[in-house]
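Architecture at a glance
Letter by letter, the chains look like this.
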Amino acid sequence: MLRLENKVCFISGGASGLGEAMVHRFSEEGGQVYFGDIDAVRGEAVAKECGAIFLPLDVSDEEQWVAAIQRIEQDKGRLDVLVNNAGILGTGPLETIDIASWNRLFAINVTGVMLGCKHGGMLMQRNPGGATGSIINISSNAGILATASDCGYSATKGAVRLMTKSIAINFARRGMSIRCNSLHPGPTDTPIFKPWRTSEKVSTQLDDTLREMIPLGRLGQPREIANMALYLASDESSFSTGSEFVVDGGGTSALAGM
Amino acid sequence: MTRLQGKVAVVTGAARGLGAAIATRLCEEGAAVMLTDILDGEETSQRLRDAGHQAAFTVMDVAKRDAWKPVLSDTASRFGGIDILVNNAGVYRPATIETIDLDDLIDVYGINLFGPMLGMQAVIPYMRERGGGSIINIASNATDFIFPETISYGSSKAALANMTKAVAVHCGRQGYRIRANSIHPGPHATAMMGTDSPLVQRIPLGRMGTPEELAATVVYLASDDAAFVTATELFVDGGLIAA
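What counts, and where the lines are drawn
- Residues numbered from 1 in each chain as written.
- Chains lettered and ligands numbered in written order.
- Predicted model: local features only at pLDDT ≥ 70, side-chain atom pairs only at ≥ 80, totals over all residues.
- Heavy atoms only, no water.
- Pairing = 2+ DSSP bridges.
- Helix = DSSP H or I, 4+ residues; strand = E, 2+ residues; numbered from the N terminus.
- Axes fitted to C-alpha atoms, helices over the stretch in contact; angles between N-to-C directions.
- Contact = heavy atoms within 4.5 Å.
- Phe/Tyr/Trp six-rings, centres within 6.5 Å; stacked < 30°, edge-to-face > 60°.
- Buried < 20%, exposed > 50% of the residue type's maximum accessible area, 1.4 Å probe, protein only.
- Buried area = accessible area lost by both parts, 1.4 Å probe.
- Salt bridge = Lys/Arg side-chain N within 4 Å of Asp/Glu carboxyl O.
- Polar contact = N/O pair within 3.5 Å; in protein donor to acceptor, adjacent residues only side chain to side chain.
- Nonpolar A, V, L, I, M, F, W, Y, C, P; charged D, E, K, R; others polar.
- Disulfide = S-S within 2.5 Å.

**Concerning the sheet that holds strand β7 (residues 233-236) of chain B**
Pairing between the strands of a sheet comes from backbone hydrogen bonds, and it takes one of two forms, parallel or antiparallel. All names here are of chain B. Ordered by their spatial adjacency, 7 strands build an open sheet running β3-β2-β1-β4-β5-β6-β7, and the pairing between neighbours is parallel. The sheet is open, and its two borders are formed by β3 (55-59) and β7, each paired with just one other strand. Each neighbouring strand pair of the sheet contributes to a mean axis angle of 20°, computed without reference to strand direction. In this structure, strand β5 (residues 133-138) lies alongside strand β6 (residues 178-185), joined through 6 bridges in parallel fashion. Within β6, the residue paired with S134 across the bridge is R179. Packing of helix α1 (residues 17-28) onto the sheet brings it into contact with β1 (8-12), β2 (32-37), β3, β4 (84-87) and β5, and relative to β1 it is tilted by some 170°. Contacting β5, β6 and β7, helix α5 (residues 151-173) runs over the sheet at an angle of about 160° to β6.

**What about the packing of aromatic side chains?**
How two aromatic rings sit relative to each other is set out by the distance from centre to centre and by the angle between their planes. Under the defined criterion, the tally for this structure stands at 8 aromatic pairs over all chains. Ring geometry for F10 of chain A versus W65 of chain A: centroids 5.7 Å apart, planes at 65°, classification edge-to-face. Of this pair, F10 of chain A sits in strand β1 (residues 8-11) while W65 of chain A sits in helix α3 (residues 62-76), and the two are 55 residues apart along the sequence. This pair shows no difference in class: F10 of chain A is buried, exactly as W65 of chain A is. Aromatic side chains Y231 of chain A and Y220 of chain B sit 4.9 Å apart centroid to centroid with 20° between the ring planes, which places their arrangement in the stacked category. Here Y231 of chain A, found in helix α7 (residues 222-233), pairs with Y220 of chain B, found in helix α6 (residues 211-222), and the two come from separate chains. Of the two residues, Y231 of chain A and Y220 of chain B, neither departs from the other in class, the shared state being buried. Aromatic rings pair up to connect Y231 and F245 of chain A together with Y220 of chain B into one cluster.

**Thoughts on the interface of chain A and chain B**
Listed per partner, the contact involves 38 residues of chain A and 33 residues of chain B. Between chain A and chain B the total buried area reaches about 3,000 Å² when both faces are included, carbon and sulfur atoms providing 59% of it. On the chain A side of the interface with chain B, the three residues burying the most area are P215, L216 and F239 of chain A, jointly 24% of the side's total. For the interface between chain A and chain B, the tally reads 3 salt bridges. Between R3 of chain B and E236 of chain A there is a salt bridge whose closest N-O contact spans 3.4 Å. Applying the counting criterion to the chain A and chain B interface returns 17 residue pairs in polar contact (both at pLDDT 80 or more). Of all the secondary-structure elements, those providing two or more residues to the side of chain A that touches chain B are α5 (151-173), α7 and β7 (244-247) of chain A. For the side of chain A that touches chain B, the per-class residue count stands at 17 nonpolar, 11 polar and 10 charged.

**Focus on the state of the cysteines**
Under the criterion given, the structure shown has 0 disulfides over all chains. Among the cysteines around C180 of chain A, which has no disulfide bond, C117 of chain A carries the closest sulfur, lying 4.8 Å off.

**Structural notes on the pattern of salt bridges**
Summed over the entire model, instances satisfying the criterion amount to 29 salt bridges over all chains. A salt bridge links K165 of chain A to E244 of chain A, with the shortest nitrogen-to-oxygen separation between them at 2.9 Å. Of this pair, K165 of chain A sits in helix α5 while E244 of chain A sits in strand β7, and the two are 79 residues apart along the sequence. One exposure class covers both K165 of chain A and E244 of chain A, and it is buried. By sharing partners, the salt bridges in this structure join R3, R25, E28, E29, R223 and E236 of chain A together with R3 and D225 of chain B into a single network.

Spatial relationships are all this shows, so hold off on functional conclusions.
Structure follows, in structure tokens:
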């Protein structure tokens, strides 16, 4: 028995990085996987690799969410797993924040997650046999500890952490078996760091700094984050809701370098 | 189901309840399991062997300084090494600050806190020999959910969660590839908890957890799926502490 057998899944931001690893991992475990992304070229390529279905999606646009969820309902009549994974890095130091970038950051990292929970959650409530499902919101270890150089990113990821609990308790108190938890990855080897890797020297320095933060002494691999998402997506985690799940090599528990 | 094929686990407090469910699930995933308890766990162990699993039982009081060495040595020679330690044995004695007796507090700390410390200290050499391992300490959501009566239980579990992180960070920095995490169950239907706890109406999911739901989380942390997960707390509590 595969761990996501017969489960209909949707992952936002599934064309690269963590989301791509989840699309692959969920497919391996028997999930019927749909995923969204703004990058249609990479999206179609990932879809081809593992037999998942790509749907174009800008998470900050409510109409696009409605269309994506409608498509899944037409195809499968249900949704069992939703991963709100799409996200972007922040806006840099406080003094230089540009309001348009700030609004875009919140539109994607916070509003995008809310819209996913809203429309994905409403389809889960219509599931045949009653409301069931698991929603996994990708926050960050930066939603637990602050990143001094980027108040915007920390603010959005902290918002996701508490929004998740509110949604979880609201569903649970209304007697619905729809769970909602946040996943907090630490530094992971994904293209999100690409803008910083301007030279080999800078790239090595970045890796050294990141390693110093992490007791396990290495970056996480996307598959390791996907494994936690898989646990939360499956019935193995059926008594967990409104909780925080950290996958960061011990980074939030230790002072860097000590 | 072979997510733990070839691995060897020690589970304390495994004669019944959560511990027995954990041992059973680890066996079902392919691990060889040494069950320990101060109660008789031979029946549980025999049931697992009858089902074709590798299991053994030995009596052990986790709080006794000299208890661990022979048990771990026996486990390693019987099954070839040790990869997983589940510190599950625990005790709850209700008291408030006005009624608590120091000897009772020391007993509770002995089983809930000093025992896991002794176990972690004793198991590290075995895990290093295997090139890594996973330590799983069963704490409680009582670390974050306070009643007047949980003065000894809650504080022992909070200390256990904190100790787990110190061990995890130490092992990580030493490059041992040994992970350590705590699981924080909410009310689960067991003999220790009963099935009619007044807490139930406060659980957002509206029910107690089952031992199997806790065991599934242990499997995740024990497996290589969780290779980047260390020094963290996993709550399996039906949402109790979230609101």
